[in-house]
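Residue-level structure breakdown
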Amino acid sequence: MLVTTDINAPVAILLVDDEATIVNALRSELSLQSHTVFTANSGKEALTLLEEQKIDILITDLNMPGMNGLELLTSASKIQDEIQTIVLTGFGDMKNAIEAVNRGAAGYMLKPPDLNELDKQITSCKKRIILGRTLKKRNEELELEVLKRTEAEQELQQAKVYTDTILASMADTLMVTTFDGMVMKVNRSASQLLRYSESEFLGCHVDQFCRQHVDDDEEVFSLGAELKAMLPAGGFDNLEAVFIAKNGLEIPVLISASVMRDDRGEETGIIVAAKDITDYKQAQKELREKEAQLIHAGRLTAMGEMASGIAHELNQPLTIIRMAAQNFGYRMAEGMLGEEDSLQISDKIMKQVDRAASIINLMRTFVRSEGKDDDDVIVDPSIPTLDALTFFREQYRVHDIELVTEITEGLPKIAIHPNHYEQIVVNLLSNARYAVNKKGDQQEEYKKQVIIKLSYIEEGAGSIILEVDDNGIGMSEEEQKRCWEPFFSTKEVGEGTGLGLYIIHSIIRERQGTIQMESVEGKGTKLTVQFPVVKLAT
């Protein structure tokens, strides 16, 4: 059997002729060239051999009793699809020889055959076999379902039909452009999406169908410029942009592009594929709205859990105001109220009013729903950290929990809305309070402690690190795996919603931050939140 890529290798040849003299002569000559030669004196005998042996080249007479050469040619190709056939014919039977070529024969020769010409035809058959195997391997690698081809012209034509069919049936929008971004071809989906006919696309620049806008770096987005810029790399994937339909409708899309090459590897244009992500964008918007509702619900739950601490925080300035007012009234009744005393008492009352107002304002901003003004801002993380601690100091004191705070001064800033950051701190401190109280219920002679740290590391681009470390009941391995799931809670029924960690995990992830947990059952839990810092222009 012919080695796949060795044109000089011997082949397996089957000689079929009812004239023994010709068969014997050809067999002797071909055997001298190291070919493996099988012989048959009829078409029927040849078919039996083809069922048993792998044959590369069939050399057959056209005129034989029983099954003629044309019939053998047709049957042989059905048994072995790679077989190449050379037909032998008499001088007066050229019509049948041409018919054999039309049926797929590699060539024909007049009897008696010229040995030099026969050698050339065998070499030509080898080339056809190698080419066929190479094309078959290439098709398998490209995973294309193409029709079998026997001639180069048929292969090219069938490939073109196949390609055009794929382009027409693709659900995604596809354009073929020049390197300058001029549209050369579009598929049916492009016309359906953008409401232009195919002829209206041709000769237009891609920027005509894609919205240009100014990005964060104050550069104008141009799809044509993006296509030019990607040429050295050969392509790009999932570039988000907006197409403009003929009726003015804006359609969000994900664009991928790659350089198109011909069969010689030469660059001929750019293929631009765009996927309509309107449904995805709508689902993303709805998801953000639902997450905002969950975040708001979580803030209300946290505020309810902190009610006693807030009441104490408000009670302190109210008590001082009451005492100051009583003092003011007593001194006035006794005639002991001078101008300096009046100013001091008034100043004390105003400070406590401001303090109470500040606490109420924190409560109001913390529990209100998300609004259009709640976009992320550049914030010093120590400020919302201290605001959140306002709600917990008295609560921890009442529960006999030691609260240790370590906040580094002069921290870099991060991009987040203060409410969202406070939500993270409140949830972590609330969970820590529950964990140490739970352990306190189970164990005497136990000192409850929660440590909160806020610091900065310069590694990489720099990060703010928030740590909340408690010595409470800790979590099992199974609980640690499931704790980020919505509605999963380790608290008793009625004591938690199971949304706290899920919500803050979403908040952190959206800001390209991370949260890590270290927990040992019975010993405590440490949660570490990391946010990238914002590099401010100097």
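Whatever comes next refers back to the structure up there.
Throughout what follows, the structure given in this document is the object of discussion. (Residues numbered from 1 in each chain as written. Predicted model: local features only at pLDDT ≥ 70, side-chain atom pairs only at ≥ 80, totals over all residues. Heavy atoms only, no water.)

1. Considering the overall build of the protein chain
To keep things clear, this is the line we draw: Helix and strand definitions follow DSSP, with helices as H or I runs of at least four residues and strands as E runs of at least two, each counted in order from the N terminus. Whether a residue is buried, partly exposed or exposed follows from its accessible area with a 1.4 Å probe, protein chains only, as a fraction of its type maximum: under 20%, in between, or over 50%, in that order. Residues count as neighbours in contact if any of their non-hydrogen atoms are within 4.5 Å of one another. Residue burial considers only the protein chains on display, and all accessible areas are found by Shrake-Rupley using a 1.4 Å probe.
Across its full length, the protein chain carries 17 helices and 17 strands. The proportion of buried residues among the 538 residues of the protein chain is 38%. Within the protein chain, counting contacts between residues at least 6 apart in sequence, those at least 24 apart form 62% of the total. Summed over all atoms, the accessible surface of the protein chain reaches about 30,300 Å², with 51% contributed by carbon and sulfur.

2. Brief notes about the nonpolar core
Our working rule: For this analysis, a nonpolar core means a set of buried residues of the types Ala, Val, Leu, Ile, Met, Phe, Trp, Tyr and Cys, connected via side-chain atoms within 4.5 Å.
Residues Ile 424, Leu 428, Leu 429 and Leu 466 are the most contacted members of the largest nonpolar core, which totals 38 residues. The biggest single contributor to this core is helix 15 (residues 418–442), with 8 residues. Formed by 28 residues, the second largest nonpolar core is a distinct cluster that contains Leu 223, Met 230, Ala 245 and Ile 251.

3. Describing the environment of Asp 18
Inspection of the secondary structure assignment puts Asp 18 in the loop between strand 1 (12–16) and helix 1 (20–32). Dropping the residues within four chain positions of it, Asp 18 is found in contact with Asn 41, Asp 61, Asn 63, Met 64 and Pro 65.

4. Focus on helix 3 (residues 69–79)
We count it as follows: When we speak of the arc, we mean the arc of directions from the helix axis to the C-beta atoms. Each polar contact in these results corresponds to two N or O atoms within 3.5 Å; when the atoms are within protein, one needs to be able to donate a hydrogen and the other to accept it, and residues that are neighboring in sequence are counted only if both atoms are side-chain atoms.
When helix 3 is considered as a whole, its buried residues turn out to be Gly 69, Leu 70, Leu 72, Leu 73 and Ala 76. Around the axis of helix 3, the buried residues are gathered within 160 degrees of arc, so they sit on the same side. At its buried positions, helix 3 is contacted by strand 1, helix 2 (43–52), strand 3 (57–61), strand 4 (84–89) and helix 4 (94–102). The opening residue of helix 3, the one whose side-chain oxygen lies 3.1 Å from the backbone nitrogen of Leu 70, is Asn 68.

5. Comments concerning the environment of Phe 392
With respect to the helices, strands and loops of the structure, Phe 392 is situated in the loop between helix 13 (382–390) and helix 14 (393–398). Taking the C-alpha atoms as reference, Phe 392 lies 7.8 Å from Leu 429; in sequence the two are 37 residues apart.

6. Structural notes on the sheet that holds strand 8 (residues 235–244)
Each strand in a sheet pairs with its neighbour through backbone hydrogen bonds, running either in the same direction (parallel) or in the opposite one (antiparallel). This is how it is decided: Being paired, for any two strands, means DSSP has found at least two bridges between them. Only the contacting stretch of a helix is used when fitting its axis, a line to C-alpha atoms as for every element, and angles between N-to-C directions run 0 to 180 degrees.
Taking strand neighbours across the sheet as the criterion, the 5 strands line up as 7-6-10-9-8 in an open arrangement whose pairing is antiparallel. Of all strands in the sheet, those with a lone pairing partner are strand 7 (183–186) and strand 8, marking the two edges. Direction aside, neighbouring strands of the sheet carry axes that sit 30 degrees apart on average. The pairing of strand 6 (residues 173–177) with strand 7 spans 3 bridges and is antiparallel. Considered in strand 7, the bridge of Thr 177 is made with Val 183.

7. Some remarks on the pairing of strand 15 (residues 463–470)
Most of strand 15 sits out of view: 7 of its 8 residues are buried. Two elements, strand 14 (residues 449–457) and strand 15, share 8 bridges in a ladder whose sense is antiparallel. Paired with Ile 451 across the two strands is Asp 469, which belongs to strand 15. Across 8 bridges, strand 15 lies against strand 17 (residues 524–532) in antiparallel orientation.

8. Notes on the sheet that holds strand 15
A sheet is described by the order of its strands in space; here 5 strands give the open sequence 12-14-15-17-16, paired in mixed fashion. With one partner strand each, in any of the chains shown, strand 12 (402–407) and strand 16 (514–520) form the two edges of the open sheet. Between one strand and the next, the sheet's axes are offset by a mean angle of 10 degrees, whatever the strand orientation. Sheet strands in contact with helix 15 are strand 14, strand 15 and strand 17, and its direction is about 20 degrees off that of strand 15.

9. What to know about the side chain of Lys 439
For clarity, the threshold we go by: A residue counts as positive if it is Lys or Arg and as negative if it is Asp or Glu; His and the chain ends are not included. The salt bridge criterion pairs a side-chain nitrogen of Lys or Arg with a carboxyl oxygen of Asp or Glu, the two atoms within 4 Å.
Here Lys 439 lies in helix 15. For the buried Lys 439, no salt bridge is present, and the opposite-charge side chain at shortest range is Asp 470, 7.7 Å distant. Contact partners of Lys 439, with chain neighbours within four places excluded, come to Tyr 446, Asn 471, Gly 472, Ile 473, Gly 522 and Lys 523.

10. Focus on the environment of Leu 231
Among the secondary structure elements, Leu 231 is positioned in the loop between helix 9 (223–230) and strand 8. Once residues within four sequence positions are removed from consideration, Leu 231 is found in contact with Phe 179, Val 259 and Ile 270.

11. Comments concerning the packing of aromatic side chains
Heads up, the condition is: Two rings from Phe, Tyr or Trp (for Trp, the six-membered ring) form a pair when their centres sit within 6.5 Å of each other. Planes less than 30 degrees apart are called stacked, planes more than 60 degrees apart edge-to-face, and all others tilted.
According to the stated counting rule, one finds 4 aromatic pairs in the structure shown. Pairing Phe 201 with Phe 209 gives two aromatic rings, centres 4.8 Å apart and planes at 45 degrees, and the pair type is tilted. Take Phe 201 and Phe 209: they sit in the same class, and that class is buried.

12. Quick word on the packing of helix 2 against helix 3
For the record, the criterion: Should an angle fall under 35 degrees it is called roughly parallel, over 145 degrees roughly antiparallel, and 65 to 115 degrees roughly perpendicular, with every other angle called oblique. Note that Gly is not counted as nonpolar here; it falls among the polar residues with everything else outside the nonpolar set of Ala, Val, Leu, Ile, Met, Phe, Trp, Tyr, Cys and Pro and the charged set of Asp, Glu, Lys and Arg.
Running from amino to carboxyl end, helix 2 crosses helix 3 at an angle of 10 degrees, the nearest separation of the two axes being 10 Å. Taken as axis vectors, helix 2 and helix 3 run roughly parallel relative to one another. Touching Gly 43, Ala 46, Leu 47, Leu 50 and Glu 51 of helix 2 are Leu 72, Ser 75, Ala 76 and Ile 79, all from helix 3. A per-class count over the contact of helix 2 with helix 3 returns 6 nonpolar, 2 polar and 1 charged.

13. Considerations on unusual backbone geometry
Excluding glycine, residues mostly have negative phi values, and the peptide bonds linking residues are mostly trans. In the segment running from Lys 111 into Pro 112, the intervening peptide bond is cis, with an omega of -5 degrees. Following the sequence through the fold, Pro 112 ends up in the loop between strand 5 (107–110) and helix 5 (115–142).

14. Points about the pattern of salt bridges
Following the criterion strictly, the structure yields 16 salt bridges and no others. Between Lys 111 and Asp 61 there is a salt bridge, with its nearest N and O atoms 3.2 Å apart. Residue Lys 111 is found in the loop between strand 5 and helix 5, and its partner Asp 61 is found in strand 3; the two are separated by 50 residues along the sequence. Given the relative accessible area of 23%, Lys 111 is considered partly exposed.

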